[in-house]
Each structure stands twice: as structure tokens, then as C-alpha cells.
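# Chains, contacts and geometry: an overview
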Amino acid sequence: MQHNQAPSGDMSAEQVIATAKALITARSSAAAAQRAIEERRWRIFFLITLMILVIALLAAPAPTLEQKFILVLSGVCAQQHNLFVGGVQLPLCARDTGMYLSLLTTLSVMLLRGRGKAGGLPPWHLLATLVGLVLVMAVDGVNSTINEIGMTPWYEPRNDLRAATGMGAGIGLAVLLMLLFNRSLRRDVDETLPVLGQWRELGMIILINAVLLTAVLLDIGFLARPLALLDLVGVGGTLFITALTTIAVLMNYDGTITHLTHLARPATFALILTGAFLAGMAWLRATILGG
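Below you will find a few notes about this structure. (Residues numbered from 1 in each chain as written. Predicted model: local features only at pLDDT ≥ 70, side-chain atom pairs only at ≥ 80, totals over all residues. Heavy atoms only, no water.)

## A closer look at the overall build of the chain
Helix and strand content of the chain: eight helices and four strands. What you see in the chain, going N to C, is helices and strands ordered as α-α-β-β-α-β-α-α-β-α-α-α. For the chain, with 291 residues in total, the buried portion stands at 38%. Taking all contacts inside the chain whose residues are at least 6 apart in sequence as the whole, residues at least 24 apart take part in 74%. Here the chain displays about 16,300 Å² of accessible surface, and carbon together with sulfur accounts for 68% of that area. (Helix = DSSP H or I, 4+ residues; strand = E, 2+ residues; numbered from the N terminus. Buried < 20%, exposed > 50% of the residue type's maximum accessible area, 1.4 Å probe, protein only. Contact = heavy atoms within 4.5 Å. Areas by Shrake-Rupley, 256 points an atom, 1.4 Å probe, with all protein chains shown as cover.)

Set out below in C-alpha cells:
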């Protein structure tokens, strides 16, 4: 009776396959451990970069924190028709203040509603509403421009209208940013889940925006610094997310991300680019205006 046994010192086919699988597993584990070490290192670099930017902001040549915000954002906003709260000038014009406050509100609502991995467009009726809100801001902007060049406007421009129409456009901007980020970078994106899917969600966003706008118009003084900080976070965050998405795609992170910490490396570069852009634009404006 014959037995199919490998000669002494030789491995059977099953043993060869098992050894190869073990070797592949070991190499994969080693590579994963190395990636984890590199990600931890880049997370430290990211935090150090963020601290340096905060220190640079606090060291900006302006006497008050609010004026430092105005200086940092001076290169990305004309800073005309600014809102004042408690005697403090917010660092963005009324329209931009409304837009970026609304952007932060919208992103917060979408994340709290479990849309962090969503990659689907809103239903057509919500999408049409968002487009309509952007068009309303465009109409108000054209009306303001007509007034500023000395022509007769369709209606009297006002800062409350500028802020309100900016808030409408901010909702659409937030939806666009989340769509671009998730569909470009996430491996676990759910393209069947809309980033904004219900009238109730849009209603929540509009209600929060209305409360914020009312607080500004009622001139509630203790909100001045938080609102000024939110202006800075809104602009900086938008620039950062845009830069992060672009850099991560160029570095071949597209479609690979399941956790935000995986983006520590491109996020560090995006943070540096965002800070350099804001500083460069502020310097350029100061140079052109001679102040």
C-alpha cells in the first residue's frame, strides 16, 4: 500500500501554501505596524503645526484678539459692510459672516445626524432648494453692487439681508464640501446615503441660523468673541478641507480612508498651506493698501 508523503526534509504542497500565507500575514502585520507608527508621528507633527499657527495668530501685530482675527482674514474678505456685536467688529463682511456661520452649522447638523460617511446627493427637491438659496444670495450681491457703483438698486441693501442670504448659500457650500471629501477620500463612503436627506434637517439648520442671526442683530455683547472666532474657524476650515482633499488625492489617499487619523500626513501639509495662504494674502493686501 502506497502513501503520498513528501520525502524527509521536503514540504508538502499544503505546507508550502501555509508557509506562504504565514509569511504574507507577517509582512502585512509588519507593514500595518509601520504605518501606525508613521501615522502617530504625523499626528504629533500636525498638533505641533497647529500650536505654531495658534501662537503666530496670538503674536499678530494687532492690539486685541478681535483685531488679530480681522488682520488674519483681511486678505480673503474685503471687510466692507461688517457686522458689529457689542461694539466689536466681526472680521468678515455681513454676507461672509452669514455664509461661514451657516457652513459650520450645516456641517455640525449633518455629522450629528449620522451623515459623516454619506456620499449621495440630496433629494431633488432639497437640491433645488439649495440652488435657489445660492441664487438668492447672488441676486442680493448684484443688488448691492448696483448700489455701490452709483446706480439705483432694486431695493435698499442692508446688512441683515446680506447675512441672511449668505447663510442660505453656506448650507450649499457645506453640502458640497462634505460630498467632495467623502467621495474623494473615504473607502467606506455610502453613496446611497444623501448628505442632506430630509426637510427636517434643513429646517434644523435654518432654525439655528435664524437664532444666530437674531443674536447678532440684537447686539448681544458677550457673543462678540465667539462669533469672531467662528468666522475665523469657518474660513480657515473651508480652506483646510479644500487643501486636504486636494493634497490627499495627489498623495494617492483617494478611496482609502476609513478613519480621519489616517489623514494626519496630508492634513499637516494642508494646515501649513492654509496658514501660509492666509498670511500671504493678508501681507499682500497690506502691501497693496500701504498699511
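We are not done yet, so read on.
## Here we look at the pattern of salt bridges
Working definition: two side chains of opposite charge can pair if their charged atoms are close together. Here the structure, examined in full by the defined rule, presents eight salt bridges. Notably, a salt bridge pairs Glu191 with Arg183, separated by 3.6 Å at the nearest N-O pair. In this structure Glu191 comes out as partly exposed when scored by relative accessible area, which is 48%. You can call Arg183 partly exposed: its relative accessible area is 43%. Bridged by salt links that share partners, the residues Arg113, Arg115 and Glu201 form one connected network. (Salt bridge = Lys/Arg side-chain N within 4 Å of Asp/Glu carboxyl O.)

## Side note on helix α3 (residues 94-112)
In this model α3 runs 27 Å from its N-terminal to its C-terminal C-alpha over 19 residues, within 8% of the 27 Å that 1.5 Å per residue would give. Among the 19 residues of α3, 16 are classified as buried, and the element is accordingly described as predominantly covered. Within two residues after α3, Gly114 carries a phi angle of roughly 80°, on the positive side. (Expected span 1.5 Å × (residues − 1).)

## Comments concerning a nonpolar patch on the surface
Nonpolar side chains collect at one region of the surface, where Ile44, Phe45, Ile48 and Ile52 lie side by side and expose about 370 Å² of accessible area between them. Of note, Ile48 is situated in helix α1 (residues 13-58). (Patch = residues over 30% accessible without salt bridge, like charges linked within 9 Å, V, L, I, M, F, W, Y side chains within 5 Å.)

## Considering the side chain of Ser144
One can find Ser144 in helix α4 (residues 124-148). You can call Ser144 buried: its relative accessible area is 4%. Not counting chain neighbours up to four residues away, the residues in contact with Ser144 comprise Arg95, Pro157 and Arg162.

## As for the pairing of strand β2 (residues 88-93)
Sheet topology places strand β1 (residues 82-85) next to β2; three bridges connect them, and they run antiparallel. Opposite Phe84, over in β2, you have Gln89 as the bridge partner. Counted between consecutive antiparallel strands, the loop separating β1 from β2 contains two residues, among which Gly86 sits at a positive phi close to 60°. (Pairing = 2+ DSSP bridges.)

## Focus: unusual backbone geometry
The residue Asp219 is not glycine, and still its phi comes out positive at about 60°. Locating Asp219 in the fold gives a position in the loop between α6 (199-217) and α7 (224-250). The phi angle at Asn252 is positive, at roughly 65°, despite the residue not being glycine. Take Asn252: it is sitting in the loop between α7 and α8 (264-289).

## Re the packing of aromatic side chains
This model, assessed by the stated rule, comprises three aromatic pairs. Taking the centre distance of 6.3 Å and the plane angle of 55° together, the rings of Phe46 and Phe240 count as tilted. A residue pair is termed long-range when its members are at least 10 positions apart, and Phe46 in helix α1 and Phe240 in helix α7 qualify at 194 residues. Residue Phe240 is classed as buried on the basis of its relative accessible area, which comes to 17%. (Phe/Tyr/Trp six-rings, centres within 6.5 Å; stacked < 30°, edge-to-face > 60°.)

## Notes on the state of the cysteines
On inspection of all chains with the given rule, the structure shows zero disulfides. Of the cysteine sulfurs around Cys77, a residue in no disulfide, the closest is that of Cys93, at 3.7 Å. What makes Cys93 buried here is its relative accessible area of 13%. (Disulfide = S-S within 2.5 Å.)

## Some details on the packing of α4 against helix α5 (residues 159-185)
Where α4 meets α5, the axes come as close as 8 Å, and the angle between the chain directions of the two elements is 140°. Taken together, the axis directions place α4 and α5 in an arrangement best described as oblique. In this structure, the crossing between α4 and α5 has a hand that is left-handed. Contacts between α4 and α5 involve Leu130, Leu133, Val134, Val136, Met137, Asp140, Ser144 and Glu148 from the former and Leu161, Arg162, Thr165, Gly166, Gly168, Ala169, Ile171, Gly172 and Val175 from the latter. Classifying every residue of the contact of α4 with α5 by side-chain character gives nine nonpolar, five polar and three charged. (Axes fitted to C-alpha atoms, helices over the stretch in contact; angles between N-to-C directions. Parallel < 35°, antiparallel > 145°, perpendicular 65-115°, else oblique. Left-handed = near helix turned anticlockwise from the far one by under 90°. Nonpolar A, V, L, I, M, F, W, Y, C, P; charged D, E, K, R; others polar.)

## Regarding the environment of Ile220
Looking at where Ile220 falls in the secondary structure, it is placed in the loop between α6 and α7. Among the residues examined, Ile220 registers a relative accessible area of 28% and is labelled partly exposed. Distance in space between the C-alpha atoms of Ile220 and Phe84 is 9.9 Å, their sequence separation being 136 residues.

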